[in-house]
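Coordinate inspection notes
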Amino acid sequence: MYDPTVARLTYRALLGRRRALILGALPLLLIVISVVVRALAGADDQTASDLLGGLALATMVPIIGVIAGTGAIGPEIDDGSVVYLLSKPVKRPTIIFTKLIVAIAVTMVFSALPTLIAGFILNGNGQQIAVAYTVAALVSSIAYAAVFLLLGTVSRHAVVFGLVYALIWEALFGSLVPGARTLSVQQWSLAVAHKVAGGDLVTSDVGLTTATVLLVVVTVLATWYAGQKLRSLTLAGEE
Amino acid sequence: MAVEHPVTTPSGDQTRIHNIGYRSYDGPRLGRAYARRSLYSQSLRGAYGLGRSVKSKVLPMLLFVVMCVPAAIMVAVAVVTKAKELPLDYTRYAIVMQAVISLYVASQAPQSVSRDLRFKTVPLYFSRPIETADYVRAKFAALASALFVLTAAPLLVLYVGALLAKLDFADQTKGFAQGLVSVALLSLLLAGLGLVIASVTPRRGFGIAAVIAVLTISYGAVSTLQAIADAQNSSGAIPWIGLFSPITLIDGVQSAFLGASSAFPGGIGPSNGEGVVYVLVTLGLIAACYGLLMRRYRKVGL
């Protein structure tokens, strides 16, 4: 199910040349901000929770997820070079699965790791906040990568739709319409984080069972459907 | 190609160039200004998907509708409840709807420049009478105009609705004019930033993500820091932090000079002195974007 050559090519497409630097700028900014906040406000659990929840989990993880998830397959489909990959005797679900693993790994490294570091800088893992948000970032990395990889195979405008989901649906509608929160990767991962942290600093609107089931279902379904999409992929012209 | 291959060994007097009767163009030459205008209007139309496929019309039109619908709802509410003023200031509208505006910039800025880079059509533009400055100005002006249309249309809806609801004419006109100035600045600033980021990468998807990341992360970071500064009672620092993201920059300019109420935490906008700094930074950023674009295209145009 895992093809090292495909993985190597995907890593290179995602992180090659200067792209790793640009991808690394976001986590770096998060860490710089946490240093500034720690210097300004000192160690405070509520501040740490707000910053990690608002900036890291709500903004950074989805954006890195969009870049890694759609970037793992989107550009190849876009410029047509995916035919060379598809013409090799590698099963299409294997291609998707490999690309998913790579996308998950990249998202985790560039979002969960900085979240952990930022959490330790902010309040030294007081009340398990750093670990809780890192777990949330890890969990949501998997779901985001799977969903955005699927988007990459379905649409040419995957990045836009991914961002619309991440920013408009989760941030805007999620704060206005309570029902929208049930269908949000962010809230599902927060439910898991809530279980880890235990306290009431990290809260979610979704129960742990529902969240876990939905996370697994969405990830598996998205990956399976992306494999199906790739099996019947037709290459269209520009737009 | 009508080239006759000489059978004998080539020598000086046997080679000749045939005149195969192509006519040279002797119609009017419309020149540089015309080419620049065409590029501008094509880019502006392209920013709304006009003259492109149906699929690429969906997103800009959708965002345009999403921008205007809340304005229409506000007008309807104001008319029904016979309110004395609109529920939202003209100047606040763009700040509230910033997610939609950011998405529009992020989707259309790479559309405007990235594909020219990827398919290497930029040198073809420069084989026409236009020069680097013309290309950059046309693209910049087109995206700024498209953004202005996007941000000014809901204000127009609000204004017309306010007049129909017989709200105070002088008051509304003043607010509308202030709103227009502020969205014009916002359009120029966002268009510049979007184009600079998009012109660096030939890959559209990456450009979109980069633009949105710069806009939302800078806003998120700045408002988080402002909230913390507010909680720490160091409210003197709030206006200075606001200088570091485009949306708060515009917010500061309009609350200092355009009679807007600030969206900063605690409602503390910059004072007049700080407002001057805001204006200077805004104009400086726009100029810097233009300069960076010129530099970039001097290189890729070859």
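Residues numbered from 1 in each chain as written. Chains lettered and ligands numbered in written order. Predicted model: local features only at pLDDT ≥ 70, side-chain atom pairs only at ≥ 80, totals over all residues.

Here's the deal with the overall build of chain B
Condition: Under the scheme used here, helices are H or I runs from DSSP no shorter than 4 residues and strands are E runs no shorter than 2 residues, and both carry numbers assigned from the N terminus. We take the radius of gyration over the C-alpha atoms and set the globule estimate at 2.2 Å times the residue count to the 0.38 power. Counting other C-beta atoms within 10 Å of each residue's C-beta, where C-beta atoms are placed from the backbone, gives the exposure class: buried for 20 or more, exposed for 12 or fewer, partly exposed between. Residues are treated as contacting if the C-beta atoms built from their backbones sit within 7 Å of each other.
A count of helices and strands for chain B gives 11 helices and 0 strands. Walking chain B from its N terminus toward its C terminus, one meets helices and strands in the order α-α-α-α-α-α-α-α-α-α-α. A globule of 302 residues ought to have a C-alpha radius of gyration of about 19 Å, yet chain B, at 25 Å, is considerably larger. The dimensions of chain B, computed from C-alpha atoms along their principal axes, are 95 × 45 × 30 Å. Taking all 302 residues of chain B together, the buried fraction comes to 45%. Within chain B, contacts between residues at least 6 apart in sequence are counted, and of these 74% link residues at least 24 apart.

Details of the packing of helix H2 (residues 19-41) of chain A against helix H3 (residues 45-71) of chain A
In helix packing, the relevant descriptors are the interaxial angle and the interaxial distance, both defined with respect to the helix axes. All names here are of chain A. Keep this limit in mind: Only the stretch in contact is used when a helix axis is fitted, and all axes are lines through C-alpha atoms; the angle between N-to-C directions ranges over 0 to 180 degrees. Reported orientations rely on four angle classes, namely roughly parallel under 35 degrees, roughly antiparallel over 145, roughly perpendicular from 65 to 115, and oblique for the rest. Under this grouping Gly is polar, as are all residues other than the nonpolar Ala, Val, Leu, Ile, Met, Phe, Trp, Tyr, Cys and Pro and the charged Asp, Glu, Lys and Arg.
It is the contact of H2 with H3, at a shortest axis distance of 11 Å, that shows an interaxial angle of 175°. It follows from the interaxial angle that H2 and H3 lie roughly antiparallel. In this structure, H2 uses Leu 23, Leu 26, Leu 30, Ile 33, Ser 34, Val 37 and Ala 41 to contact H3, whose residues at the interface are Thr 47, Leu 51, Leu 55, Ala 56, Met 60, Ile 63, Ile 64 and Ile 67. Considering only residue class, the contact of H2 with H3 consists of 13 nonpolar, 2 polar and no charged.

Focus on the confidence of the model for chain B
Defined as follows: On a range of 0 to 100, pLDDT expresses the predictor's confidence in each residue.
Summing up the model confidence of chain B, the mean pLDDT is 86 and the portion of residues at 70 or higher is 95%. Here the complex is predicted with pTM 0.83, and the ipTM for its interfaces comes to 0.76.

Some points on helix H8 (residues 204-231) of chain B
All names here are of chain B. Which entries qualify depends on this criterion: In this analysis, the expected span of each helix is defined as 1.5 Å times one less than the number of residues it contains.
The first and last C-alpha atoms of H8 sit 40 Å apart over 28 residues, in line with the 40 Å expected at 1.5 Å per residue. Burial of H8 is extensive: 24 of the 28 residues sit out of reach of the surface. Just beyond H8, the residue with positive phi is Asn 233, at close to 60°.

Quick word on the interface of chain A and chain B
Taken together, the 30 residues of chain A in the interface contact 26 residues of chain B. Those elements that provide at least two residues to the side of chain A that touches chain B are H2, H3, helix H4 (74-79) and helix H8 (158-176) of chain A. Top contributing element to the side of chain A that touches chain B by residue count: H3 of chain A, with 10 residues.

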